[in-house]
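# Residue-level structural notes
Chain by chain, the residues run as shown.
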Amino acid sequence: MTVDSKPPSVTLAQGQLVGTQLKDNFPQTVEAFLGVPYALPPVGDRRFRPAVKVARSSDTIDASKYGPAAPGKALLSGGPKLEQSEDCLTANVFRPAGAADTQKLPVAVYIHGGAFNRGAATMHDTASMVAWSEEPFVAVSFGYRIGALGFLPSSLSEKEGLLNLGLRDQIHLLEWVQENIGHFGGDAGNVTLFGLSAGAHSIGHLLLNHNANISHLFHRVIIESGAPTSRAVRPYNAKVHEEQFGDFLKEVRCPADLPESEIFQFLRSLPSLTVTNAQTAVFDKYNPSLRWAFQPVIDGDTIARKPLDAWESTAWNKVPIMTGFNGNEGTMYVEKQMSKAFQFRQFWENLLPELSSSDLDTIEKLYPDPLVDPSSPYIETREGEGLGPQYKRIEAAYAHYAYVAPVRQTAEFASSQGAPVYLYHWALPRTVVGRANHGDNMYYETYNAGITNISKSQKELSGTLHAYLTSFITKGDPNTISGRYGERPEWKPFKPEDATVMIFGEGNDELIGGDTAPPAKCVADGWARDETKFWWSKVPISQLA
């Protein structure tokens, strides 16, 4: 419930913001400033161009409602439903009621996920996270361009200076935070970035961007189910990107004989629906193979070089890192009906054509065929769900390749080069099929009523995760504040020679009809290590043209 006894206001160079108060069932009122423009609308002639700063103004801006979501695939679940519009470059600021501009509270900036093709800031219940924190902080969420409008790589895009516009939107937002967060009571010198999936990949790229214009924008990071080496990060002119660019031009019916110099002007002249329908069609074409269209690319600027080269150079932003993965990252992505062994091998041949025959043999050995090997850990035991006998095998292999191994790679490189790292493994099964699915932890970290009202066990797990994250955001250490739900285990820093991981929800099968278990434990990190090492060795082929 939103109650405005006296709407809060903040004056910025761009105008006076009149926000709203969020009370719900929070222990303290949260003041929210929603839908605040942090750049000019990227519409008309500003479509397919870098974000432009908002001009100074004395206008009064209604900041009581969220701005539109960026045009993309259907929005993911969670949060209020938003209309989609290209006018999507808006920020949402949340602070404890009564915070003054003299307080200099820690700041957390949330970058939403969605495969760079869907999603919105409202998927994350940031207000609840702020309201329940034992220590006060200011939080920011925001929209950025996704799909073709934010990520349309090609040689022509590079020539026009239009690569990675979505990442450049994120940087523009962080610059806006540096200039303005003090007016909300936030400390521009104490900023934590946090985000899930594509948001986490984005943070990974910012982490590795050792440009002086980037390094001062943040001071800690929480990278959830993502990494700069996750999946494929290829040069802008990689064959698959040029193919997808050509498909996009065909979908919008760009004349085949149009001079190259006029193509982007043609794209700027199209109705918004034509562009968004085309990006959906192209994404859907490549989605079954998981060779997703409209992704960040190596551009020599925002992603200056191959991520693996950046790690090995030791020249990156060495800040404290919290990062982790979920136990079943692949369940929502791969084919549930996969039934034949040749389909398992074919999946990898299509996703990574650079894999050798020997590589494919190794993958098959690492993930024993449940139809041949009676001792295979991938024998399907979930009855009545219509799952193919190769599903458990392929979802595990894809999870390790796309998320688990890259997250561990971040922990290994960063900790060995002197940065404090805290590694987690989210293991709570929420559903019978999805198990500990990609993104599940997002709902728990905010300590929202949708989770805490389920049961005492789920409330304890949510409170434990929330306390670790808000302690890291406000103090730089997940162990410092006690939080709102009892004592919790010490989260020991990860070190290559003494690899430890905080496991959340392991043994708690309450949501699928089983028993409960303690919310968290810090143990040696040994799960799927052989598979992780193999996928590390294959990272270079995911960065080829």
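Placed above this text is the structure.
Residues numbered from 1 in each chain as written. Predicted model: local features only at pLDDT ≥ 70, side-chain atom pairs only at ≥ 80, totals over all residues. Heavy atoms only, no water.

All right, on to the overall build of the protein then. Helix and strand counts for the protein come out as 17 helices and 14 strands. Taking 24 Å as the expected radius of gyration for a compact globule of 545 residues, we find that the protein reaches 23 Å, a close match to that expectation. Viewed in the frame of its principal axes, the protein has a C-alpha envelope of about 70 × 70 × 45 Å. Evaluated residue by residue, the protein yields a buried proportion of 59% over its 545 residues. Summing over all exposed atoms, the protein offers an accessible surface of approximately 20300 Å²; the carbon and sulfur share of this is 49%. With 49 positive and 61 negative side-chain charges, the protein shows a separation of 1 Å between the mean positions of the two kinds. (Helix = DSSP H or I, 4+ residues; strand = E, 2+ residues; numbered from the N terminus. Rg over C-alpha atoms; globule rule 2.2 N^0.38 Å. Buried < 20%, exposed > 50% of the residue type's maximum accessible area, 1.4 Å probe, protein only. Areas by Shrake-Rupley, 256 points an atom, 1.4 Å probe, with all protein chains shown as cover. Lys, Arg positive; Asp, Glu negative; His and termini not counted. Charge placed at Lys NZ, Arg CZ, Asp CG, Glu CD.)

A few words now on the pattern of salt bridges. Across all of its chains, the model carries 19 salt bridges by this definition. Salt-bridge contacts for Asp284 lead to Lys73; the nearest nitrogen and oxygen are separated by 2.5 Å. Note that Asp284 is positioned in helix H9 (residues 272-286) and Lys73 in the loop between strand S5 (60-62) and strand S6 (90-96), a separation of 211 residues in sequence. Classification of Asp284 by relative accessible area gives partly exposed; the value is 36%. (Salt bridge = Lys/Arg side-chain N within 4 Å of Asp/Glu carboxyl O.)

So, about the packing of helix H11 (residues 341-351) against helix H12 (residues 357-366). To characterise two packed helices, one gives the angle between the axes of the helices and the distance between these axes. H12 packs onto H11 with a crossing angle of 130 degrees between their chain directions and a minimal axis gap of 10 Å. The angle between H11 and H12 falls in the class oblique. For the element pair H11 and H12, the recorded crossing hand is right-handed. In this structure, H11 contributes Ala341, Phe344, Arg345, Trp348 and Glu349 to the contact, and H12 contributes Ser357, Leu360, Asp361, Ile363 and Glu364. (Axes fitted to C-alpha atoms, helices over the stretch in contact; angles between N-to-C directions. Parallel < 35°, antiparallel > 145°, perpendicular 65-115°, else oblique. Left-handed = near helix turned anticlockwise from the far one by under 90°. Contact = heavy atoms within 4.5 Å.)

For Glu380, the location among the structural elements is in the loop between H12 and helix H13 (391-416). Measuring from C-alpha to C-alpha, the distance between Glu380 and His400 comes to 18 Å, with 20 residues separating the pair along the chain. Once residues within four sequence positions are removed from consideration, Glu380 is found in contact with Leu387, Gly388, Tyr391 and Lys392. At a separation of 2.5 Å, a polar atom in the side chain of Glu380 contacts the side chain of Arg382. (Polar contact = N/O pair within 3.5 Å; in protein donor to acceptor, adjacent residues only side chain to side chain.)

Attention now goes to the sheet that holds strand S1 (residues 9-12). What the 3 strands build is an open sheet, ordered S1-S2-S5; its pairing is mixed. Looking at strand neighbours, the two that pair on one side only are S1 and S5, the edges of this open sheet. Looking at each pair of strands side by side, their axes are set apart by 25 degrees on average, direction ignored. Bridge analysis of S1 against strand S2 (residues 15-18) gives 4 bridges, and the strand direction is antiparallel. Within S2, the position partnered with Thr11 by the bridge is Gln16. (Pairing = 2+ DSSP bridges.)

In terms of nonpolar packing, the biggest core is built from 97 residues, with Val109, Trp176, Phe218, Phe248 and Leu267 touching the most fellow members. Ranked by residues supplied to this core, first place goes to helix H4 (residues 165-180) with 7 residues. Val109 has contacts with Val140, Phe142, Leu173, Leu174, Val177, Val191, Thr192, Leu193 and Phe194, leaving out every residue within four places of it along the chain. (Core = buried A, V, L, I, M, F, W, Y, C linked by side-chain atoms within 4.5 Å.)

Residues spaced three or four apart along an α-helix face the same direction, because each turn holds 3.6 residues. Buried within H12 are the following residues: Asp359, Leu360 and Ile363. Each buried residue of H12 lies within a common arc of 100 degrees when the element is viewed along its axis, so the set occupies one face. (Arc of directions from axis to C-beta.)

Turning next to H13. Given a rise of 1.5 Å per residue, 26 residues ought to cover 38 Å, and the 36 Å separating the end C-alpha atoms of H13 matches this to within 8%. The largest bend along H13 measures about 50 degrees and falls at His400. Burial within H13 is extensive, with 24 of its 26 residues counted as buried. A positive phi of about 100 degrees marks Gly418, the residue just after H13. (Expected span 1.5 Å × (residues − 1). Bend = angle between axes of the 7 residues up to and from the residue.)

Now for the environment of Lys456. Structurally, Lys456 can be placed in helix H16 (residues 456-475). Sequence spacing of Lys456 and Ala520 is 64 residues, and the spatial spacing of their C-alpha atoms is 15 Å.

Overall, the coordinates contain 34 aromatic pairs when judged by the stated rule. With a centroid separation of 6.1 Å and 80 degrees between ring planes, the pair formed by Phe248 and Phe294 is classed as edge-to-face. Of the two residues, Phe248 is situated in helix H7 (residues 239-251) and Phe294 in the loop between H9 and helix H10 (307-313); the sequence distance between them amounts to 46 residues. On the accessibility criterion, Phe294 (2% relative accessible area) is buried. Seen in terms of ring centroids, Tyr398 and Tyr401 are 6.0 Å apart; in terms of plane orientation they differ by 55 degrees. Their pairing is tilted. In this pair, Tyr398 and Tyr401 are both assigned in helix H13, 3 residues apart and thus about one turn of the helix distant. Accessibility classification places Tyr398 together with Tyr401 in one group, the buried group. Above the ring of Phe344, the side-chain terminus of Arg393 is found at 3.7 Å from the ring centroid. Sitting above the plane of the Tyr468 ring, Arg488 keeps its charged end 4.5 Å from the centroid. (Phe/Tyr/Trp six-rings, centres within 6.5 Å; stacked < 30°, edge-to-face > 60°. Lys NZ or Arg CZ within 6 Å of the ring centre and 35° of its normal.)

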